[in-house]
Protein chains: 2
Amino acid sequence: MLISRRTTMTALLGTAAAATLQASAHAAAPISGQQAPSFYRSKVGDIEITAISDGYATFPKIDGFVRNATPDAVQAALAEGFVPTDKVQIPFTTLVVNTGGKLILIDSGNGDLAAPTSGIWMKNFRAAGFTPEEVDMVVISHFHGDHINGLRLKDGTAVFPKAEIKVPEPEFTFWMSDDNLAKAPEGLKGNFNVARRVFAPMAKDVTLYAWEKEVAPGIVAHAAPGHTPGHTIFSINSGKASFMAVSDITNVPVLFVRNPDWAVMFDQDPDTARASRHRVLDMVSADKMQVGFYHANFPATGFITKDGGRYNLVPAPWKLPV
Amino acid sequence: MLISRRTTMTALLGTAAAATLQASAHAAAPISGQQAPSFYRSKVGDIEITAISDGYATFPKIDGFVRNATPDAVQAALAEGFVPTDKVQIPFTTLVVNTGGKLILIDSGNGDLAAPTSGIWMKNFRAAGFTPEEVDMVVISHFHGDHINGLRLKDGTAVFPKAEIKVPEPEFTFWMSDDNLAKAPEGLKGNFNVARRVFAPMAKDVTLYAWEKEVAPGIVAHAAPGHTPGHTIFSINSGKASFMAVSDITNVPVLFVRNPDWAVMFDQDPDTARASRHRVLDMVSADKMQVGFYHANFPATGFITKDGGRYNLVPAPWKLPV
């Protein structure tokens with residue numbers, strides 16, 4: 001009936017008028033397809049933390065993603081989180097810490113070496129009002145590519161020209177050792193090359209930091225090895241407030257917060273990683289500390305509750321503009 | 001020591017140079033205090049839904065907020081959600097539904113009759129790329145002020161000049177009846193006045209819609225009375241996809257999804273509201289439907305799971321830009 005009415009209108013009014021009528025069948029506002037810029041502020045005392053999304057990557061199959069769980073068990077856990085069950089989508093969320101005195105990044109995202117659904121870090125960083133030239137310091141949690149590739153473009157350019165780059169001493173020592181590279185299993189050699197691509201050109205300028213000490217004003221680096229030898233988490237402290245950036249203490253929470261004994265394929269030493277995971281999740285749940293994950297759904301912040309031998313991630317209530 | 005060094009520098013370099021030194025003690029980027037615009041897109045088949053935040057209001061004390069729970073029980077439930085326990089913060093989230101053919105609002109927010117932490121609807125609506133003139137239709141769930149005041153400014157101006165306004169027939173009949181106003185308890189008379197302020201000037205132009213029928217392309221209105229006599233929820237459908245806008249089937253989920261037998265002070269007929277709440281939460285949990293709440297934390301969308309006689313709201317995974 002709509003078609004016949006349109007046909008009649010075309011006959012009566014001519015093609016141009018009919019085109020106008022047809023256009024009026026569409027909403028004045030087109031389907032957007034665009035989200036708001038993916039940054040999110042949290043306040044910790046006087047410190048402002050801005051989570052910056054670098055999108056996500058997709059691990060295209062379930063088989064092999066968890067070393068010690070059946071695909072059926074993994075799919076059941078994914079279904080409980082209402083995420084796709086035939087693949088794993090892994091989000092990336094870095095933190096910008098503004099102490100008022102210093103602008104500090106914790107990790108750098110994928111840079112221009114990213115999956116097609118990633119590589120949006122710089123766009124979101126700029127949308128949040130920052131420029132790379134303003135960054136005083138970049139503190140790195142560990143040397144996997146999704147955490148460090150953003151430091152240096154494919155063409156070799158250093159992205160944060162004025163920033164001091166601070167890295168965990170055991171991480172730098174492990175990955176920059178030629179002996180370790182020579183004896184590494186084949187599957188790990190790529191990681192050595194990622195670390196060398198980023199850090200070799202600036203090795204003499206990089207600052208090595210130690211665990212259990214302040215790495216930047218208000219930010220203390222804590223040992224959390226296993227995922228990598230030097231994997232580090234960070235407490236961010238101002239007055240009585242604190243926030244724990246837990247880095248890759250878990251991969252996606254829907255799998256590994258709920259099932260802390262599961263080992264993601266990316267955990268280099270699964271037993272040590274498991275011990276670190278339990279220790280950290282026990283601590284942040286006992287202390288009711290707000291946490292920030294690298295691989296949780298945006299804005300990737302919340303609180304951990306303990307539930308027998310498992311844990312829950314309760315997303316932090318969204319802070320609205322006032 | 002810093003002060004004495006600064007004093008020395010001033011003596012050596014003069015005031016202008018000292019001011020520059022002082023500025024360099026602050027991060028180049030100031031503390032922002034600003035979130036990204038509070039809108040969020042979900043896709044349901046070919047339909048795009050944009051959640052628009054209107055901020056929140058604060059109910060300043062716990063006592064009296066829940067008719068049938070002790071303050072201690074309410075505080076314990078708030079603590080489980082990691083929200084403040086000495087007050088209740090109630091967010092507002094309206095929906096814009098773009099069918100491709102029509103731009104439809106579900107509810108209008110608080111307009112310029114808002115708490116100081118609210119009244120941000122129009123700013124977020126425009127940030128999402130919309131203008132009031134583009135709105136083809138506003139579908140109202142019920143006549144409480146936070147859902148309808150946005151239709152008409154304090155000065156009387158109609159906000160959506162080209163929109164058809166569609167309201168639930170039983171809601172309009174109840175609140176516009178002079179008999180009902182005359183016999184209403186004192187505490188309810190204010191609600192009658194809110195409804196009349198908004199609707200009396202356009203009573204003849206308002207379209208009354210019926211339950212269990214399509215109220216707009218792809219949007220079906222469903223009965224959910226109790227909160228008010230004509231309280232309505234909406235399924236939004238495209239192809240095989242659907243989404244349920246559950247309006248005020250609960251007030252804040254941390255209290256009333258977890259404790260569906262609790263009655264918020266705003267439920268006009270608590271028993272009928274409770275029956276509607278159980279029926280709707282049972283249905284959306286059994287069907288694993290994505291839901292949108294009016295009073296959940298932004299972006300106020302997720303999935304309901306059943307847990308004995310209680311329910312959980314699992315936030316929907318954040319859709320990132322790609």
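Below, the structure is looked at part by part. Since the structure is predicted, the reported quantities are computational estimates derived from the model, not experimental observations.

### Describing the overall build of chain A
In terms of helices and strands, chain A carries 10 helices and 14 strands. Here the analysis covers contacts within chain A between residues at least 6 apart in sequence; of these, 66% occur between residues at least 24 apart.

### Looking at helix 10 (residues 270-286) of chain B
Residues and elements named next belong to chain B. With 17 residues, helix 10 should reach 24 Å at 1.5 Å per residue; the first-to-last C-alpha distance of 24 Å fits that figure. Along helix 10, the residues classified as buried are A273, S276, R277, V280, L281 and V284. Projection of helix 10 onto a plane perpendicular to its axis shows the buried side chains occupying an angular sector of 120 degrees, all on one side. Along helix 10, exposed side chains directed more than 90 degrees from the buried face belong to D271 and A286. Those residues of helix 10 that are buried lie in contact with strand 10 (232-238), strand 11 (241-245), strand 12 (290-292), strand 13 (301-307) and strand 14 (310-315).

### Structural notes on unusual backbone geometry
The residue after F298 of chain A, namely P299 of chain A, is reached through a cis peptide bond having omega 0 degrees. With respect to the helices, strands and loops of the structure, P299 of chain A is situated in the loop between strand 12 (290-293) and strand 13 (301-307). Phi is positive for E212 of chain A, which is not a glycine, with a value near 65 degrees. Within the fold, E212 of chain A resides in the loop between strand 7 (207-209) and strand 8 (213-216). Phi at K288 of chain B is positive, roughly 50 degrees, even though this residue is not glycine.

### Considering the sheet that holds strand 12 of chain A
All names here are of chain A. The strand order across the open sheet formed by 7 strands is 8-9-10-11-12-13-14, and the pairing between neighbours is mixed. Strands at the two margins of the open sheet, each flanked by one partner only, are strand 8 and strand 14 (310-315). Averaged over all adjacent pairs, the angle separating strand axes in this sheet is 40 degrees, with direction ignored. Pairing between strand 12 and strand 13: 2 bridges, direction antiparallel. Within strand 13, the residue paired with V291 across the bridge is G302. Sitting on the sheet, helix 10 (residues 270-286) touches strand 10 (232-238), strand 11 (241-247), strand 12, strand 13 and strand 14, and the angle it makes with strand 13 is about 100 degrees.

### Observations regarding the interface of chain A and chain B
Chain A puts 47 residues into the contact, and the matching count from chain B is 47 residues. The set of elements that each furnish at least two residues to the side of chain A that touches chain B consists of strand 1 (39-44), strand 2 (47-59), strand 3 (88-98) and strand 14 of chain A. Broken down by element, the residue count for the side of chain A that touches chain B peaks at 4 residues, all from strand 2 of chain A. Grouping the constituent residues of the side of chain A that touches chain B by class yields 26 nonpolar, 15 polar and 6 charged.

### Describing the relation of the copies chain A and chain B
Here chain A sits on chain B after a turn of 180 degrees about the axis and a move of 0.0 Å along it, with an RMSD of 0.0 Å. The transformation relating the two chain copies, once decomposed into turn and shift, fits a two-fold axis. Among all C-alpha atoms of chain A, that of A36 of chain A lies closest to the rotation axis, at 3.3 Å. Comparing contact sets, 100% of the residues at the interface of chain A also lie at the interface in chain B, consistent with an isologous, same-surface contact.

### Thoughts on the nonpolar core
Soluble globular proteins tend to pack their nonpolar side chains together in the buried interior. V138 and V139 of chain A together with V138 and V139 of chain B are the most contacted members of the largest nonpolar core, which totals 176 residues. Apart from the residues lying within four places of it in its own chain, the contact partners of V139 of chain B are I104, L105, I106, K166, V215, A216 and I219 of chain B.

### A few points about the pairing of strand 2 (residues 47-59) of chain B
Residue and element names in this part refer to chain B. Most of strand 2 sits inside the fold, with 10 of its 13 residues counted as buried. Pairing of strand 1 (residues 39-44) with strand 2, which is carried by 6 bridges, proceeds in the antiparallel orientation. Each bridged residue has a counterpart across the sheet, and for F39 the counterpart in strand 2 is I52. What sits between the antiparallel neighbours strand 1 and strand 2 is a turn of 2 residues, in which G45 has the positive phi angle 55 degrees.

### Some details on the sheet that holds strand 9 (residues 219-223) of chain B
Residues and elements named next belong to chain B. Taken together, 7 strands build an open sheet; the order of strands is 8-9-10-11-12-13-14 and the sheet is mixed. A strand with exactly one partner marks an edge of an open sheet, and here the two such strands are strand 8 (213-216) and strand 14. The mean inter-strand angle of the sheet, taken between neighbouring strand axes irrespective of direction, is 40 degrees. Bridge analysis of strand 10 against strand 11 gives 5 bridges, and the strand direction is antiparallel.

### Here's the deal with the environment of T250 of chain A
Residue and element names in this part refer to chain A. Structurally, T250 is set in the loop between strand 11 and helix 9 (253-256). For T250, a count of 29 C-beta atoms within 10 Å translates into the label buried. On a C-alpha basis, the gap between T250 and W121 in space is 21 Å, while along the polypeptide they are 129 residues apart. Each residue touching T250, except ones within four places of it in the same chain, is listed here: F256, V257, R277 and F293.

### Overview of the environment of I165 of chain B
Residues and elements named next belong to chain B. With respect to the secondary-structure elements, I165 resides in strand 6 (residues 164-168). Assessed through the 22 C-beta atoms surrounding it within 10 Å, I165 is described here as buried. Note: C-alpha distance between I165 and F199 (34 residues apart in sequence) is 9.6 Å. Residues within four places of I165 in sequence aside, it is in contact with V138, L151, M202, D205, V206 and T207.

The rules behind the values
- Residues numbered from 1 in each chain as written.
- Chains lettered and ligands numbered in written order.
- Predicted model: local features only at pLDDT ≥ 70, side-chain atom pairs only at ≥ 80, totals over all residues.
- Helix = DSSP H or I, 4+ residues; strand = E, 2+ residues; numbered from the N terminus.
- Contact = placed C-beta atoms within 7 Å.
- Expected span 1.5 Å × (residues − 1).
- Buried ≥ 20, exposed ≤ 12 C-beta atoms within 10 Å, placed from the backbone.
- Arc of directions from axis to C-beta.
- Pairing = 2+ DSSP bridges.
- Axes fitted to C-alpha atoms, helices over the stretch in contact; angles between N-to-C directions.
- Nonpolar A, V, L, I, M, F, W, Y, C, P; charged D, E, K, R; others polar.
- Least-squares fit on C-alpha atoms with pLDDT ≥ 70 in both.
- Core = buried A, V, L, I, M, F, W, Y, C linked by C-beta atoms within 7 Å.

Worth remembering: the numbers are spatial, not functional.
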